[in-house]
Amino acid sequence: MDCIKIIQLEVFAYHGCEEFEKINGQKFYIDATLYTDIRTSGVSDDLNDTMNYAKVCEFITKFVTGNQFDLIEAVAEQTSRALLREFPRLRAIDFSIYKPDAPIGLPFGNVAVSISRKWNKVILSIGSNIGDKEAYLNNAVDRLYDDGNCRVNVVSNYIETEPYGPVEQDNFLNGCIEIETLYSPKELLEKVNRIEAESGRIRDIHWGPRTLDIDIIFYEDEIVDEPDLKIPHVEMHKRLFVLEPLKQIAPYWKHPILNRTVGQILEELKPSDKCAGCSGCKGKAE
């Protein structure tokens, strides 16, 4: 990806764990590599078609001087996220902050923290079979829209599906959402769990009815295998209620383990393998 580089931007700020650092302040130096499309502006020669790096420098300076953190790790993380939220053309960033006057008490050249952050493309599955199902699904979408760390790209149509499992319950309404997010997989799990809880989700009956269910189906092409989180969703390739709305919005998304696209998985799904029921088995472990 194309990039614009800002090197050694000097900022005087008041970050540090020691009290004298918070009172006296010190110089920090910042490097930022901004990943963005340069081809368009390279052809047009128009400032409106690119990222104005002067405005980026002004934003960094204002943010770093206008906030106070104990750790330069926090300066790097929070500034990077703020930049990605502020500048729509910015797709990813490499950010380094240098602290040449760090209170170490020994001879040293410099101390620095470097991170890389970007907008991550994610697929979520949503479902409801209690009360006003469509309202619950729409509210989930709205909550993601309202979160500055998420961008909702596209929402599928909602489809009605029969429940799966031994519990007698109403039919489900299901859909899929493609978002971009600054959250890590675990942070995103915490976010969707909060949205579920605020919608009255109660986890007392396995495969039981629920006001709202949100599963992480894909997170870029990452594979996550943790006790409380499995990505890709471990049963998505058997579920019509996931695959059918997912094909509407991302038919060519390739499963990183099965190495087949969503469209191919749906086409190859045998009748005996199909789980057309509820959102009972989770992409997050229960």
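Reading the values: the criteria
- Residues numbered from 1 in each chain as written.
- Predicted model: local features only at pLDDT ≥ 70, side-chain atom pairs only at ≥ 80, totals over all residues.
- Heavy atoms only, no water.
- Helix = DSSP H or I, 4+ residues; strand = E, 2+ residues; numbered from the N terminus.
- Buried < 20%, exposed > 50% of the residue type's maximum accessible area, 1.4 Å probe, protein only.
- Contact = heavy atoms within 4.5 Å.
- Areas by Shrake-Rupley, 256 points an atom, 1.4 Å probe, with all protein chains shown as cover.
- pLDDT = per-residue confidence, 0-100.
- Core = buried A, V, L, I, M, F, W, Y, C linked by side-chain atoms within 4.5 Å.
- Polar contact = N/O pair within 3.5 Å; in protein donor to acceptor, adjacent residues only side chain to side chain.
- Phe/Tyr/Trp six-rings, centres within 6.5 Å; stacked < 30°, edge-to-face > 60°.
- Pairing = 2+ DSSP bridges.

Participant: Would you take a moment to explain the overall build of the chain for this structure?
Facilitator: Assigned secondary structure in the chain consists of 8 helices and 11 strands. Out of the 286 residues in the chain, the part that is buried amounts to 48%. Partitioning the intrachain contacts of the chain with sequence separation of at least 6 by distance along the chain shows that 69% fall at a separation of at least 24. When the accessible surface of the chain is split by element, carbon and sulfur atoms take 49% of a total near 14,300 Å².

Participant: Even after reading the chapter, I still don't get the confidence of the model for the chain, so can you show me in this structure?
Facilitator: Atom-level detail of predicted coordinates should not be read off regions where pLDDT is low. When pLDDT is averaged along the chain, the result is 91; 89% of the residues meet or exceed 70. Per-residue pLDDT stays below 50 along residues 276-286; that stretch engages in 61 contacts with residues further than four places along the chain or on separate chains.

Participant: Please clarify how unusual backbone geometry should be interpreted in this entry.
Facilitator: Negative phi is the rule for most residues except glycine; trans is the rule for most peptide bonds. Residues Ile 231 and Pro 232 are joined by a peptide bond in cis, for which omega reads 0°. With respect to the helices, strands and loops of the structure, Pro 232 is situated in the loop between β11 (229-231) and α7 (240-249). Of note, the phi angle at Asp 45 is positive, near 60°, even though the residue is not glycine. Of note, Asp 45 is situated in the loop between α2 (39-44) and α3 (53-66). Of note in this structure, Asn 259 is not a glycine but carries a positive phi near 60°. Mapped onto the elements, Asn 259 comes out in the loop between α7 and α8 (262-268). Judged by its relative accessible area of 51%, Asn 259 falls in the exposed class.

Participant: Please clarify how the nonpolar core should be interpreted in this entry.
Facilitator: The nonpolar side chains of a soluble globular protein tend to be buried with one another. Ile 30, Leu 34, Val 56, Ile 60, Leu 83, Phe 95 and Ile 97 are the most contacted members of the largest nonpolar core, which totals 32 residues. Listing elements by their share of this core, those giving two or more residues are β1 (3-13), β2 (26-35), α3, α4 (72-86), β3 (92-98) and β4 (112-118). Leave out the neighbours within four places in its chain, and Leu 83 touches Val 56, Phe 59, Ile 60, Leu 90, Ile 93 and Phe 95. Listed in part, the 24 residues of the second largest apolar core include Val 122, Ile 179, Val 192 and Tyr 219.

Participant: I keep staring at the side chain of Lys 99 and nothing clicks. Help me out?
Facilitator: Tracing the backbone shows Lys 99 in the loop between β3 and β4. Separated by 2.8 Å, the side chains of Lys 99 and Glu 21 make a polar contact. Apart from the residues within four sequence positions on either side, Lys 99 is in contact with His 15, Gly 16, Glu 21, Gln 26, Phe 28, Ile 72, Phe 108, Asn 110 and Val 111.

Participant: What exactly am I supposed to notice about the packing of aromatic side chains here?
Facilitator: To describe a pair of aromatic rings, you give the distance between the ring centres and the angle between the ring planes. A complete count under the given rule lists 4 aromatic pairs for this structure. Ring centres of Phe 59 and Phe 63 lie 6.3 Å apart, and the angle between their planes is 15°; on these two criteria the pair is classed as stacked. Highlighted residues: Phe 59 and Phe 63, both in helix α3, separated by 4 residues, approximately one helical turn. Three or more aromatic residues link up through ring pairs in this structure, and these residues are Phe 59, Phe 63 and Phe 87.

Participant: For this particular structure, what's the right way to read the pairing of strand β8 (residues 172-181)?
Facilitator: Strand residues, when the strand is regular, have side chains that alternate between the two faces of the sheet. Judged by how many residues are buried, β8 sits mostly within the fold: 10 of 10 residues are covered. Of the two faces of β8, the one holding Phe 172, Asn 174, Cys 176, Glu 178 and Glu 180 and the one holding Leu 173, Gly 175, Ile 177, Ile 179 and Thr 181 are both buried throughout. For strand β5 (residues 120-128) and β8, the ladder comprises 9 bridges, and the chain directions are antiparallel. Bridge pairing in β8 places Gly 127 opposite Asn 174. Where strand β6 (residues 150-155) meets β8, 5 bridges bridge the pair, whose relative direction is antiparallel. Paired with Val 155 across the bridge in β8 is Ile 177. Pairing analysis gives 3 bridges linking strand β7 (residues 159-161) to β8, with the strands arranged antiparallel. Bridge assignment links Glu 160 to a residue of β8, and that residue is Leu 173.

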